[in-house]
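Listed below, chain by chain, are the residues.
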Amino acid sequence: MKCQQCNKTATFHITELTKGKPQELHLCEEHARQYLTQEEEPAVAPSLAGVLAQQLAVGQTAEELAKLDQRACPVCGITFYEFRNQGRLGCPYDYVCFQAELDPLIVNIHGETEHVGKKSARFPEGTEKRTQLIRLRREMKEAIDDEDYELASKLRDDIRKIEESPPHKKK
Amino acid sequence: MDLNELVSTSGEWLRGSGPESDIVISSRIRLARNLAEFPFISRATQQDRTEIENTLRDRVLEVQESGELEYVNVNDLKVIDRQFLVERQLISREHAESEGARGVAIARNEQVSLMINEEDHLRIQVMHSGLDLQSAWEQIDQIDSLLAQKVNFAYHPKLGFLTACPTNVGTGLRVSVMLHLPALVITRQIDKVFRSLQKISLAVRGLYGEGSQAMGDFYQISNQITLGKKENDLVKQVGDIVPKLIEYERKARDFLVRESHENLHDKVARAYGILRTAQTISSEETMHLLSSVRMGVNLGLIEDLQIPLLNELFIHTQPAHLQKLRGVELDTADRNIERARYLRRHLNKSNGDEAN
Ligand SMILES: [Zn+2]
Ligand SMILES: [Zn+2]
């Protein structure tokens, strides 16, 4: 068998299982080395995008997809399209607002859906309040950009109120 | 922190001690965490980044369990100093090359580093020389628990710790072991090994040298999955495979000594010869040859060299280290000349010859 990237004999036969479905690679020593010594943290974004694209192509019309792409997180403002493109989420709340799209992706990556490891030391209700802070700060910045200083100062007061609320009790 | 103080040593990951350290170079564990009240990095404004950095820096420096910590403002560092920290494995390449407010707290003994504003707000890393995953895990677990009492980490009751990329969600845990596997490479068995590892969803990666060139037969094994398993099980999954890899590598070395002694000895001796006499040499070739020599020393084919010196040469001949040791910035051609000079001086000194 010949190497997939040159004419030498393929001495390395690699099964790549990390990018969705198994993929057979047949490479000569030189190209196998090159392949196996790629970037330390492999470019996750493209493969993630690939898995996502596969998933979304199932049972959705182009129109539905376009609509999904425009959906934005109410907290940080990231659109689904932006996430799909860069492979990075915008805030913790994305795991809630894009849950329907993320769930199958997470199963695909981890084969599991539930965390069983170390628990957070804090009450989950703390997280909800913190999430509001992300939204309020963003809205305040937008108000300042729009020169709506009245709104900005109201938002600043709201932010202070949350920031100054007593630290969350531990379990 | 005065980085120049670190230059003359070899750092934790190439200290060359600890269990099985002829084959296992280092054990490394990292945890990804984010503050609940800020957006992830991709949506963070400059002001968010600054506030995240300030919040985390102050809390991180309070955690005594990390050892004596020093904070380095990575954004203010010169390019060569960032590269120096990458070579040292104290920050990631991504952290070095990104922009905006970011930094790293580094323990004096270089076993602990806490990167702020990397892909996630916080990346905690604990690295121990040799095969030492369990104590590395215990240390990082303790640091994480202490920090979790001081800040609100983004957490979801079902998904666990939330990360910027869904590939890290849940535990946020990456367990890796760096191995030196020259005999498996020579005997062309390494493909078999990689295939079997990928079947149990472990990732194998080469160690990066300068640019995109692989560094002398060093391979890193790590877990792919971060969700749905307990941290201890993930540590165990990687830890359990290492003795098998050590055994394969030792068998391959025995085979080479037994069946191909002249060829092996020749390869090692030639590598040593080139390193002691070359007048200009690239980083890639240096790594490749040092790898052969390292195996030769471990097999008793070279008797006048010690592993600690070799490990030091691995790191000191990296581009940023070389330039910092010399005290000037050098272009590639001058670096290659300086590297050859450095190697001649240290390898010939060790058996009494005069360097030139
Ligand atoms: Zn090829
Ligand atoms: Zn969001």
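Note that this is a predicted model, so its numbers are computed, not measured. (Residues numbered from 1 in each chain as written. Chains lettered and ligands numbered in written order. Predicted model: local features only at pLDDT ≥ 70, side-chain atom pairs only at ≥ 80, totals over all residues. Heavy atoms only, no water.)

Caption draft 1: Fine view of the coordination of the zinc ion (ligand 2). Residue and element names in this part refer to chain A. Protein-derived ligands of the zinc ion (ligand 2) are Cys73 (SG), Cys76 (SG), Cys91 (SG) and Asp94 (OD), with the metal-ligand distances lying across 1.9 to 2.3 Å. Taken together, the four donor atoms surrounding the zinc ion (ligand 2) define angles of 95 to 120° at the centre, an arrangement classified as tetrahedral. Taken in sequence order, the residues that donate to the zinc ion (ligand 2) follow the motif C-x2-C-x14-C-x2-D. Taken together, the residues Cys73 in the loop between helix H3 (62–70) and helix H4 (80–86) and Cys91 in the loop between H4 and helix H5 (94–97) connect sequence positions 18 residues apart. Exposure class is identical for Cys73 and Cys91. Each is buried. (Donors = N, O, S within 2.8 Å, 3.2 Å for Na, K, Ca; no water. Tetrahedral: all angles 85-135°; square planar, octahedral: opposite > 155°, others 65-115°. Helix = DSSP H or I, 4+ residues; strand = E, 2+ residues; numbered from the N terminus. Buried < 20%, exposed > 50% of the residue type's maximum accessible area, 1.4 Å probe, protein only.)

Caption draft 2: Fine view of the pairing of strand E1 (residues 24–33) of chain B. All names here are of chain B. Counting buried positions over the 10 residues of E1 gives 10, a clear majority of the element. Pairing analysis gives seven bridges linking E1 to strand E8 (residues 173–180), with the strands arranged antiparallel. Residue pairing for E8: Ile29 is matched across the bridge by Val175. Relative to strand E5 (residues 122–129), E1 runs antiparallel, the two sharing eight bridges. (Pairing = 2+ DSSP bridges.)

Caption draft 3: Up close: the packing of helix H12 (residues 319–326) of chain B against helix H13 (residues 332–349) of chain B. Residues and elements named next belong to chain B. For the pair H12 and H13, interaxial distance at closest approach is 10 Å and the crossing angle is 75°. Judged on the interaxial angle alone, H13 and H12 are roughly perpendicular. Residues Pro319, Leu322, Gln323, Leu325 and Arg326 of H12 form the contact with H13, whose participating residues are Arg335, Glu338, Arg339, Arg341 and Tyr342. Considered class by class, the residues forming the contact of H12 with H13 number four nonpolar, one polar and five charged. (Axes fitted to C-alpha atoms, helices over the stretch in contact; angles between N-to-C directions. Parallel < 35°, antiparallel > 145°, perpendicular 65-115°, else oblique. Contact = heavy atoms within 4.5 Å. Nonpolar A, V, L, I, M, F, W, Y, C, P; charged D, E, K, R; others polar.)

Caption draft 4: Fine view of the domain arrangement of chain B. Residue and element names in this part refer to chain B. Taken domain by domain, chain B consists of domain 1 (4–231) and domain 2 (261–350). Its C-alpha centre places domain 1 at a distance of 27 Å from the equivalent point of domain 2. The interface of domain 1 with domain 2 comprises 30 residues on the first partner and 24 residues on the second. Buried surface at the junction of domain 1 and domain 2, summed over both partners, amounts to about 2400 Å²; 60% is from carbon and sulfur atoms. Connecting domain 1 to domain 2 are one salt bridge. The interface formed by domain 1 and domain 2 holds 10 residue pairs in polar contact (both at pLDDT 80 or more) in total. Listing elements by their share of the side of domain 1 that touches domain 2, those giving two or more residues are helix H1 (4–7), helix H3 (79–87), helix H6 (182–186) and strand E10 (214–223). Split by residue class, the side of domain 1 that touches domain 2 holds 12 nonpolar, 10 polar and eight charged. (Domains from an automatic or database assignment. Buried area = accessible area lost by both parts, 1.4 Å probe. Salt bridge = Lys/Arg side-chain N within 4 Å of Asp/Glu carboxyl O. Polar contact = N/O pair within 3.5 Å; in protein donor to acceptor, adjacent residues only side chain to side chain.)

Caption draft 5: Structural detail: the packing of aromatic side chains. For the structure on display, the rule yields five aromatic pairs over all chains. Here the aromatic cluster, defined as three or more aromatic residues joined through ring pairs, consists of Phe80(A), Phe83(A) and Phe98(A). Taking NZ or CZ as reference, Arg137(A) lies 4.3 Å from the ring centre of Phe38(B), over its face. Lying over the aromatic face of Phe153(B), Arg33(B) brings its terminal NZ or CZ to 6.0 Å of the ring centre. (Phe/Tyr/Trp six-rings, centres within 6.5 Å; stacked < 30°, edge-to-face > 60°. Lys NZ or Arg CZ within 6 Å of the ring centre and 35° of its normal.)

Caption draft 6: Fine view of the pairing of strand E3 (residues 103–107) of chain B. Residues and elements named next belong to chain B. Within E3, five of the five residues are buried, which leaves the element mostly enclosed by the surrounding structure. Alternating residues of E3 divide into Gly103, Ala105 and Ala107 and Val104 and Ile106, and every residue in both groups is buried. Two strands pair when backbone bridges link them, and strand E2 (residues 69–73) and E3 are joined in this way by five bridges, in the antiparallel orientation. What sits directly across from Glu70, in E3, is Ile106.

Caption draft 7: Local environment of helix H8 (residues 149–164) of chain A. Residue and element names in this part refer to chain A. With 16 residues, H8 extends 22 Å between its outermost C-alpha atoms, agreeing within 8% with the 22 Å of an ideal straight helix rising 1.5 Å per residue. Along H8, the positions that sit buried rather than exposed are Ala152, Leu155, Ile159 and Ile162. Along the axis of H8, the buried residues cluster in a sector spanning 85°; they form a single face. Turned more than 90 degrees away from the buried face of H8, the exposed residues are Tyr149, Glu150, Lys161 and Glu164. (Expected span 1.5 Å × (residues − 1). Arc of directions from axis to C-beta.)

Caption draft 8: Summary view of the interface of chain B and chain A. Each partner contributes residues to the interface: chain B has 62 residues there, and chain A has 57 residues. In total, chain B and chain A occlude about 5500 Å² of area from one another, counting both sides; carbon and sulfur atoms represent 56% of this. Here chain B and chain A share five salt bridges between them. With a closest N to O distance of 3.1 Å, Arg88(A) and Glu119(B) form a salt bridge. Linking chain B with chain A are 19 residue pairs in polar contact (both at pLDDT 80 or more), by the criterion used here. Breaking the side of chain B that touches chain A down by element, the ones donating at least two residues are E1, helix H2 (46–62), helix H5 (133–148), strand E6 (155–156), strand E7 (160–161), helix H7 (190–199), strand E9 (202–208) and E10 of chain B. The element best represented in the side of chain B that touches chain A is H7(B), accounting for six residues.

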